[in-house]
Amino acid sequence: MTLILLVLAAGSVSAKMTPQQQTYFNLLKGKMLSTVDSVGAGGVRSGETTVAAGVKVTLPGMGEMGMPEVSSKQALHLCSDGSYIRSTEDNAMGIKSAGRETGTWAIGKASSASFALMLTRKGSQAAKASSVSFDGERTMMDDLRWYRLKSSACK
(Lines give C-alpha, C1' and ligand atoms only; values in the text may rest on other atoms or scores of the structure.)
Protein backbone atom coordinates (compact mmCIF):
# COMPACT_ATOMS: atom_id res chain seq x y z
CA MET A 1 0.00 0.00 0.00
CA THR A 2 2.85 2.40 0.80
CA LEU A 3 4.41 1.85 -2.62
CA ILE A 4 1.14 2.71 -4.37
CA LEU A 5 0.83 5.94 -2.39
CA LEU A 6 4.44 6.85 -3.19
CA VAL A 7 3.90 6.37 -6.92
CA LEU A 8 0.65 8.35 -6.83
CA ALA A 9 2.31 11.14 -4.84
CA ALA A 10 5.21 11.34 -7.29
CA GLY A 11 2.80 11.45 -10.23
CA SER A 12 0.75 14.25 -8.70
CA VAL A 13 3.89 16.24 -7.86
CA SER A 14 5.20 16.03 -11.42
CA ALA A 15 1.83 17.22 -12.75
CA LYS A 16 2.19 20.42 -10.67
CA MET A 17 5.76 21.22 -11.77
CA THR A 18 6.69 24.21 -13.86
CA PRO A 19 8.45 23.43 -17.16
CA GLN A 20 11.80 24.45 -15.55
CA GLN A 21 11.20 22.10 -12.58
CA GLN A 22 10.20 19.28 -14.95
CA THR A 23 13.46 19.75 -16.89
CA TYR A 24 15.53 19.40 -13.71
CA PHE A 25 13.43 16.43 -12.53
CA ASN A 26 14.09 14.68 -15.86
CA LEU A 27 17.85 15.38 -15.59
CA LEU A 28 18.01 13.78 -12.13
CA LYS A 29 15.53 10.89 -12.14
CA GLY A 30 17.31 7.54 -12.18
CA LYS A 31 20.64 9.21 -11.39
CA MET A 32 23.09 8.95 -8.53
CA LEU A 33 24.82 12.05 -7.21
CA SER A 34 28.11 11.14 -5.57
CA THR A 35 30.83 13.07 -3.78
CA VAL A 36 33.99 12.37 -1.82
CA ASP A 37 35.44 14.95 0.53
CA SER A 38 38.83 14.52 2.17
CA VAL A 39 40.14 16.90 4.82
CA GLY A 40 43.36 16.77 6.83
CA ALA A 41 44.20 18.31 10.18
CA GLY A 42 43.42 22.00 10.43
CA GLY A 43 40.82 21.77 7.64
CA VAL A 44 43.38 21.49 4.82
CA ARG A 45 41.91 19.65 1.83
CA SER A 46 44.19 17.38 -0.17
CA GLY A 47 45.68 19.27 -3.08
CA GLU A 48 44.10 22.53 -2.00
CA THR A 49 45.74 25.57 -3.54
CA THR A 50 46.28 28.52 -1.23
CA VAL A 51 47.34 31.98 -2.30
CA ALA A 52 49.52 33.78 0.24
CA ALA A 53 51.31 37.02 -0.64
CA GLY A 54 50.64 36.35 -4.33
CA VAL A 55 52.31 32.90 -4.28
CA LYS A 56 50.25 29.79 -5.06
CA VAL A 57 51.03 26.80 -2.84
CA THR A 58 49.52 23.34 -3.34
CA LEU A 59 49.41 21.52 -0.03
CA PRO A 60 49.81 17.74 0.22
CA GLY A 61 47.05 15.68 1.79
CA MET A 62 47.59 14.49 5.35
CA GLY A 63 47.91 10.92 4.01
CA GLU A 64 50.88 12.01 1.90
CA MET A 65 52.54 13.30 5.08
CA GLY A 66 51.96 10.01 6.94
CA MET A 67 48.96 11.27 8.92
CA PRO A 68 45.42 9.86 8.67
CA GLU A 69 42.86 11.90 6.76
CA VAL A 70 39.23 12.52 7.53
CA SER A 71 37.08 11.51 4.58
CA SER A 72 33.41 11.43 3.79
CA LYS A 73 31.75 9.69 0.85
CA GLN A 74 28.11 10.19 -0.05
CA ALA A 75 25.86 8.69 -2.69
CA LEU A 76 22.36 10.03 -3.32
CA HIS A 77 20.20 7.83 -5.58
CA LEU A 78 17.22 9.75 -7.03
CA CYS A 79 14.59 7.29 -8.25
CA SER A 80 12.07 8.17 -10.95
CA ASP A 81 9.16 7.31 -8.60
CA GLY A 82 10.12 10.23 -6.34
CA SER A 83 11.95 8.18 -3.70
CA TYR A 84 15.62 8.50 -2.75
CA ILE A 85 18.32 6.44 -1.05
CA ARG A 86 21.28 8.22 0.57
CA SER A 87 24.30 6.29 1.80
CA THR A 88 27.23 7.77 3.69
CA GLU A 89 30.64 6.45 4.66
CA ASP A 90 32.87 8.39 7.02
CA ASN A 91 36.45 7.67 8.05
CA ALA A 92 37.84 9.85 10.83
CA MET A 93 41.30 8.98 12.12
CA GLY A 94 40.81 5.31 11.27
CA ILE A 95 37.30 5.01 12.75
CA LYS A 96 34.80 4.10 10.06
CA SER A 97 31.03 4.60 10.12
CA ALA A 98 28.28 4.18 7.57
CA GLY A 99 24.66 5.26 7.30
CA ARG A 100 21.64 4.90 5.08
CA GLU A 101 18.61 7.13 4.73
CA THR A 102 15.49 6.89 2.56
CA GLY A 103 12.66 9.25 1.73
CA THR A 104 11.16 11.27 -1.10
CA TRP A 105 12.64 13.97 -3.33
CA ALA A 106 11.22 16.81 -5.38
CA ILE A 107 12.35 19.90 -7.25
CA GLY A 108 11.59 23.14 -5.43
CA LYS A 109 12.09 26.72 -6.59
CA ALA A 110 13.90 26.73 -9.93
CA SER A 111 15.57 29.30 -12.17
CA SER A 112 17.72 29.03 -15.26
CA ALA A 113 20.87 28.99 -13.07
CA SER A 114 19.92 26.71 -10.17
CA PHE A 115 17.15 24.94 -8.29
CA ALA A 116 16.29 23.58 -4.87
CA LEU A 117 16.49 19.82 -4.39
CA MET A 118 13.98 19.00 -1.66
CA LEU A 119 14.67 15.83 0.37
CA THR A 120 12.07 14.60 2.87
CA ARG A 121 13.44 11.85 5.08
CA LYS A 122 11.15 8.86 5.71
CA GLY A 123 9.15 9.50 8.87
CA SER A 124 9.59 13.28 8.63
CA GLN A 125 7.29 15.93 7.22
CA ALA A 126 9.95 18.64 6.90
CA ALA A 127 11.92 18.81 3.66
CA LYS A 128 15.60 19.79 3.61
CA ALA A 129 16.50 22.04 0.69
CA SER A 130 19.86 21.90 -1.08
CA SER A 131 20.88 24.37 -3.77
CA VAL A 132 21.88 22.57 -7.00
CA SER A 133 23.33 23.99 -10.20
CA PHE A 134 24.81 22.65 -13.45
CA ASP A 135 27.42 24.45 -15.54
CA GLY A 136 27.29 22.08 -18.49
CA GLU A 137 29.69 19.49 -17.07
CA ARG A 138 29.82 19.97 -13.32
CA THR A 139 27.03 19.45 -10.79
CA MET A 140 27.30 21.59 -7.66
CA MET A 141 25.21 20.97 -4.55
CA ASP A 142 25.56 23.38 -1.63
CA ASP A 143 28.87 24.64 -3.09
CA LEU A 144 30.40 21.12 -3.24
CA ARG A 145 31.04 19.25 -6.50
CA TRP A 146 28.95 16.11 -6.98
CA TYR A 147 29.22 13.63 -9.87
CA ARG A 148 26.02 12.71 -11.71
CA LEU A 149 25.98 9.07 -12.78
CA LYS A 150 23.40 6.40 -13.61
CA SER A 151 21.98 4.98 -10.39
CA SER A 152 22.78 1.38 -9.54
CA ALA A 153 20.06 1.30 -6.86
CA CYS A 154 16.96 2.52 -8.72
CA LYS A 155 15.51 3.60 -12.08
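Thresholds applied
- Residues numbered from 1 in each chain as written.
- Predicted model: local features only at pLDDT ≥ 70, side-chain atom pairs only at ≥ 80, totals over all residues.
- Heavy atoms only, no water.
- Helix = DSSP H or I, 4+ residues; strand = E, 2+ residues; numbered from the N terminus.
- Buried < 20%, exposed > 50% of the residue type's maximum accessible area, 1.4 Å probe, protein only.
- Areas by Shrake-Rupley, 256 points an atom, 1.4 Å probe, with all protein chains shown as cover.
- Pairing = 2+ DSSP bridges.
- Core = buried A, V, L, I, M, F, W, Y, C linked by side-chain atoms within 4.5 Å.
- Contact = heavy atoms within 4.5 Å.
- Arc of directions from axis to C-beta.

Peer 1: Even after reading the chapter, I still don't get the overall build of the protein, so can you show me in this structure?
Peer 2: Along the protein, the regular secondary structure elements total 2 helices and 10 strands. When its helices and strands are written in sequence order, the protein yields α-α-β-β-β-β-β-β-β-β-β-β. Here the protein holds 155 residues, and 27% of them are scored as buried. In the structure as shown, the protein presents an accessible area of about 9,700 Å², 56% of it carried by carbon and sulfur atoms.

Peer 1: I keep staring at the pairing of strand β10 (residues 144-150) and nothing clicks. Help me out?
Peer 2: Each regular strand shows side chains that alternate between the opposite faces of the sheet. Bridge count for strand β1 (residues 31-39) against β10 is 4 bridges, and the pairing is antiparallel. Across the sheet, Ser34 pairs through a bridge with Tyr147, a residue of β10. Pairing geometry for strand β9 (residues 139-141) and β10, over 3 bridges, is antiparallel. Across the sheet, Met140 pairs through a bridge with Arg145, a residue of β10.

Peer 1: For this particular structure, what's the right way to read the nonpolar core?
Peer 2: Soluble, globular proteins show a tendency: their nonpolar side chains are buried together. Of all hydrophobic cores here, the largest spans 16 residues; its most connected members are Leu28, Leu33, Leu76, Leu78, Trp105, Ile107 and Leu117. At the level of secondary structure, the elements contributing two or more residues to this core comprise α2 (19-28), β4 (70-78), β6 (95-110) and β7 (115-121). Setting aside residues up to four positions removed in sequence, Ile107 forms contacts with Gln21, Tyr24, Phe25, Leu28, Phe115, Ala116, Leu117 and Met118.

Peer 1: Help me understand α2 in this model?
Peer 2: Side chains of residues three or four places apart in an α-helix project in the same direction, reflecting 3.6 residues per turn. Considered for burial, the residues of α2 that qualify are Gln21, Tyr24, Phe25 and Leu28. Each buried residue of α2 lies within a common arc of 105 degrees when the element is viewed along its axis, so the set occupies one face. Where α2 is buried, its residues meet β1, β4, β6, β7, β8 (127-134) and β10. Immediately downstream of α2, the backbone of Gly30 shows phi near 75 degrees, a positive value.

Peer 1: I keep staring at the side chain of Thr139 and nothing clicks. Help me out?
Peer 2: Along the chain, Thr139 turns up in strand β9. Its relative accessible area of 2% is what places Thr139 among the buried residues. Setting aside residues no more than four positions away along its own chain, Thr139 makes contact with Leu33, Val132, Ser133, Phe134, Leu144, Arg145, Trp146 and Arg148.

Peer 1: Please clarify how the environment of Arg145 should be interpreted in this entry.
Peer 2: Tracing the backbone shows Arg145 in strand β10. What makes Arg145 partly exposed here is its relative accessible area of 33%. Those residues in contact with Arg145 that sit more than four places away from it in its chain are Thr35, Glu137, Arg138, Thr139 and Met140.

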